[in-house]
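Structural overview
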Amino acid sequence: MRLFPLPLFALLVPAPALAQAAAPECAVRVQFGSYAMGIDRPAFERVRALLARDRGVRAVEQQHWGREGETTLCVRTRRPSDARRLFGRVQAALPAKPRGPITVEARGGLRFEAPRPQEH
């Protein structure tokens, strides 16, 4: 049996961080969460269809991370300017009171949450 030494940084960096570093950067990220009853499926399908029709979208990757359909869509765009436009289109397609929490983020620090967090 032959052993190969691991690079020192592999021992210092947790595995999820290494996987995240290898993942493509998302110009727009749409996260569909759940309140113990599944995601807002109609909103999810509406956003997916919108992204499929948009010429500024290069690729969409779906990452399923929960037991109730929780999913994150990672959108890669053809041009950097497409990210801001897509952010606005996705935000406009979401209901004011979705069945579960939905978060949209885009390059440049843009962020939208539905339903909106309560201010105290």
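Residues numbered from 1 in each chain as written. Predicted model: local features only at pLDDT ≥ 70, side-chain atom pairs only at ≥ 80, totals over all residues. Heavy atoms only, no water.

**Describing the overall build of the chain**
The number of helices and strands found in the chain is four helices and five strands. In sequence order, the chain lays out its α and β elements as α-α-β-α-β-β-α-β-β. Residues classed as buried in the chain amount to 35% of the 120 residues present. Long-range pairs, those at least 24 residues apart, make up 59% of the contacts in the chain with a sequence separation of at least 6. Accessible surface, the chain as shown: approximately 8300 Å² in total, 55% of it carbon and sulfur. (Helix = DSSP H or I, 4+ residues; strand = E, 2+ residues; numbered from the N terminus. Buried < 20%, exposed > 50% of the residue type's maximum accessible area, 1.4 Å probe, protein only. Contact = heavy atoms within 4.5 Å. Areas by Shrake-Rupley, 256 points an atom, 1.4 Å probe, with all protein chains shown as cover.)

**Observations regarding the pairing of strand β1 (residues 28–32)**
Only one face of β1 is buried, namely the one carrying Val28, Val30 and Phe32, since none of Arg29 and Gln31 on the opposite face is buried. Where β1 lies against strand β3 (residues 71–77), five bridges are found, and the strand directions are antiparallel. Each bridged residue has a counterpart across the sheet, and for Val28 the counterpart in β3 is Val75. Bridging between β1 and strand β4 (residues 102–106) involves five bridges; their strand directions are antiparallel. Bridged to Gln31 within β4 is Thr103. (Pairing = 2+ DSSP bridges.)

Any functional reading would require information that these geometric values do not contain.
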